[in-house]
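Residue-level structural notes
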Protein chains: 2
Amino acid sequence: MTTLVFGHKSPDTDSTGSPIIWSWYLNTIKGTEAKPVLLGEPNTEALFMLDHWSLDKPDIISELASDTPVVIVDTNNPAELPDNINDADITQIIDHHKLVGGLETKGPIDIRIEPLACTATLMWKMIGKDMAQMPTSIKGAMLSCILSDTLEFRSPTTTQEDKAIAHDLAKELGVDIATYASEMFAAKSDVSAFSEAELLRMDSKEYAVGGKQFRVSVLETTSPAQVLDRKDALMAAMPGVAKEDSADEVLLFVVDILNEEATLLVPNDTVKTVAEKSFGATVDADTVVLPGIMSRKKQIIPNLKI
Amino acid sequence: MTTLVFGHKSPDTDSTGSPIIWSWYLNTIKGTEAKPVLLGEPNTEALFMLDHWSLDKPDIISELASDTPVVIVDTNNPAELPDNINDADITQIIDHHKLVGGLETKGPIDIRIEPLACTATLMWKMIGKDMAQMPTSIKGAMLSCILSDTLEFRSPTTTQEDKAIAHDLAKELGVDIATYASEMFAAKSDVSAFSEAELLRMDSKEYAVGGKQFRVSVLETTSPAQVLDRKDALMAAMPGVAKEDSADEVLLFVVDILNEEATLLVPNDTVKTVAEKSFGATVDADTVVLPGIMSRKKQIIPNLKI
């Protein structure tokens, strides 16, 4: 049976590219029939990457048959995976997020999680000398994943390994990192086609804090004004999105990649309290700027309080 | 703060030796202050290993202070760890068991799980070229762990990697594997000093199957008669142990290492049903022999039905 390789339900560049990378490795190097799939529509940056490197867009699956062999990449959180994920035959997990618990396997399997900025960086390490056989297009995906997850090395999640591997790949591919990253970020920043509800769910993860369920959404952009001009409509859409997704609140952080800061939308007193307690912010409007905040994983989630 | 390195609550050779191996690696190679500790009294085989290789017996801890940095080895099961394990600062997990879920970390950490017979085998792979600096005594612990977990390569969990690494270590140490393994197994088989309740808990893990909680105990021995001569007393002790440990049943598998079979004690109809449904056994007495069954992980747990 073909092994399905997928990331989380809100496919960004890493969750779109890593399944492609790992499927190549399984098919070509390990002799295991594998296919990359997506659990949702990829974001505009991921689509740009696919187009730029002439990679096929993986099929989007909405259901997962029991006992399907699967490799999970870029997450270990059941909430970000198909509801019946524990009925699948999970054969491997490759990730760089904190362990949240909840995934179970039927027997011992390969699991590799490291505190790197990007899944693709870990895959580079795991592939080792077989990197020599990787086609240019897949190497391009790998570089894209690292530049995306590190926000071109600006994110505090960036490690020396992420950086060194990206520079090596760029050199080999003849890619100018600054130019290519700005094209990627421009693609991600063009959110004009999306509704408010789509924006709130685009890069979003649910976390429980102090008995409340938060949908923590991040929009990384080089043109924050394009999002913030729509703040009233975004805040108006929050209660509906929260209700549909069984969350108590939506927290939307608009991350300004170039200025290295986030703007949090503050629709009500609960979110105001979260902003004050979590980030020591003084809130006197319906938005608050949080200087230096760029990483949900490293700066937002570990500090969330209510 | 010193990092504590520990395995599970019923320390066998791997759960005693692996913390010693990894603490050496952290202290000597990685420059991280670390200390091996135990969560219970090691079994007689583990004590034999410590004595044979002149290794200090690690301290046994009964409490774990919050925020203590810890490395968990040879398990990822919260039930086999201190109650407050998720309040500790888990910095790394190295294991070879199925993922059971329940452990949570505060941020992304290093996790490495592989379907090998033994944690020490995985550590050998992770230590890589730094193995050259490892002292003889620690290499002796590593060899002991592999021989113990593979039952001298008889267990179906044994992989080619476990085998090759054990042979390399034995050659370098000048150890005759057959002789040394039989000394280890003789040490493990001498259970005369233990009460029935202690035997039932010696190498025991809890699993939920079909709404019931089972304490699945395994005694690996080269002299099964020594245990089976006490079967009436063992069965008499089961209800008390089950009650104290909030389990519904105790399943005791006496694994005959040399004859490669297990004898399951059958104290009641529930266990009779388990034996029939799980292993296709015909039960007409208060014990049943299960040919070829040697591994809880690979043969017992995946098949348990009721």
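Residues numbered from 1 in each chain as written. Chains lettered and ligands numbered in written order. Predicted model: local features only at pLDDT ≥ 70, side-chain atom pairs only at ≥ 80, totals over all residues. Heavy atoms only, no water.

Per an unreviewed UniProt entry, chain A carries the name inorganic diphosphatase and comes from Roseobacter litoralis. Annotation of chain A in UniProt includes, under Cofactor (unreviewed entry), the sentence "Mn(2+)". Check the Catalytic activity (unreviewed entry) section of the UniProt entry for chain A; it says "diphosphate + H2O = 2 phosphate + H(+)". (UniProt positions renumbered as here; feature names shortened; annotations may be inferred.)

On to the interface of chain A and chain B. The interface of chain A with chain B comprises 22 residues on the first partner and 22 residues on the second. Where chain A abuts chain B, roughly 1800 Å² becomes buried across the two surfaces, and 59% of that area is made up of carbon and sulfur atoms. Looking only at chain A, the three residues that lose the most surface to chain B are Leu99(A), Pro108(A) and Ile111(A), adding up to 33% of its buried area. On the surface where chain A and chain B come into contact, there are zero salt bridges. For the interface between chain A and chain B, the tally reads four residue pairs in polar contact (both at pLDDT 80 or more). Tallying contributions element by element places strand 6 (residues 110-113) of chain A first for the side of chain A that touches chain B, with four residues. Residues that form the side of chain A that touches chain B fall into these classes: nine nonpolar, six polar and seven charged. Of the pairings in the sheet, the one linking strand 6 of chain A to strand 6 (residues 110-113) of chain B comprises three bridges and is antiparallel in character. Bridge pairing in strand 6 of chain B places Ile111(A) opposite Ile113(B). (Contact = heavy atoms within 4.5 Å. Buried area = accessible area lost by both parts, 1.4 Å probe. Salt bridge = Lys/Arg side-chain N within 4 Å of Asp/Glu carboxyl O. Polar contact = N/O pair within 3.5 Å; in protein donor to acceptor, adjacent residues only side chain to side chain. Helix = DSSP H or I, 4+ residues; strand = E, 2+ residues; numbered from the N terminus. Nonpolar A, V, L, I, M, F, W, Y, C, P; charged D, E, K, R; others polar. Pairing = 2+ DSSP bridges.)

The next point concerns the relation of the copies chain A and chain B. Laying chain A over chain B is done by rotating through 180° and shifting 0.0 Å along the axis; what remains is an RMSD of 0.0 Å. One copy is carried onto the other by what is essentially a two-fold rotation axis. (Least-squares fit on C-alpha atoms with pLDDT ≥ 70 in both.)

Moving on, we come to the UniProt feature "domain: DHHA2" (unreviewed entry) in chain A. What UniProt calls "domain: DHHA2" (unreviewed entry) maps, in this numbering, to residues 181-306 of chain A. Secondary structure content for residues 181-306 of chain A is 40% helix and 27% strand, and the end C-alpha separation is 36 Å.

Before going further, it helps to spend a moment on the packing of aromatic side chains. Residue and element names in this part refer to chain B. If you walk through the whole model with that rule in mind, you get eight aromatic pairs over all chains. Centroid distance Phe 48 to Tyr 180: 5.9 Å. Interplanar angle 35°. Geometry classified as tilted. Here Tyr 180 lies in helix 6 (residues 177-189) and Phe 48 lies in helix 2 (residues 44-52), a separation of 132 residues in the sequence. Here Phe 48 and Tyr 180 have matching classes, each one buried. Ring plane angle 75° and centroid distance 6.0 Å describe the contact between Trp 53 and Tyr 180, whose orientation is recorded as edge-to-face. Placement of Trp 53 in the loop between helix 2 and strand 3 (59-60) and of Tyr 180 in helix 6 is noted, with a sequence separation of 127 residues between them. (Phe/Tyr/Trp six-rings, centres within 6.5 Å; stacked < 30°, edge-to-face > 60°. Buried < 20%, exposed > 50% of the residue type's maximum accessible area, 1.4 Å probe, protein only.)

Attention shifts here to the environment of Gly102(B). Along the polypeptide, Gly102(B) turns up in the loop between strand 5 (89-95) and strand 6. Here Gly102(B) falls in the partly exposed class, since its relative accessible area comes to 30%. Here Gly102(B) is in contact with Gly101(A), Gly102(A), Pro78(B) and Asn86(B), once residues within four sequence places are set aside.

Right, let's get into the sheet that holds strand 10 (residues 261-265) of chain A. Residues and elements named next belong to chain A. Sheet architecture is open: five strands sit in the order 7-8-9-10-11, paired in mixed fashion. Because the sheet does not close on itself, it has two edges, and the strands there are strand 7 (204-209) and strand 11 (287-291). Taking each pair of neighbouring strands and ignoring which way they run, the sheet shows an average axis angle of 25°. Contacting strand 8 (212-221), strand 9 (249-256), strand 10 and strand 11, helix 10 (residues 269-279) runs over the sheet at an angle of about 55° to strand 9. (Axes fitted to C-alpha atoms, helices over the stretch in contact; angles between N-to-C directions.)

The next subject is the pattern of salt bridges. Taken as a whole, this structure holds 42 salt bridges over all chains when the rule is applied. Ionic pairing is found between Arg296(A) and Asp203(A), a salt bridge with its closest N-O pair at 2.6 Å. Here Asp203(A) lies in the loop between helix 7 (196-202) and strand 7 and Arg296(A) lies in helix 11 (residues 296-300), a separation of 93 residues in the sequence. Here Arg296(A) and Asp203(A) have matching classes, each one buried. Put simply, Lys205(B) and Glu80(B) hold a salt bridge, and the shortest N to O gap is 3.8 Å. With Lys205(B) in strand 7 (residues 204-209) and Glu80(B) in the loop between strand 4 (69-73) and strand 5, this pair connects stretches of sequence that are 125 residues apart. The residues Lys205(B) and Glu80(B) share a single accessibility class, namely buried. One connected set of salt bridges, linked through shared partners, spans Arg201(A), Glu206(A), Arg215(A), Glu244(A) and Asp245(A).

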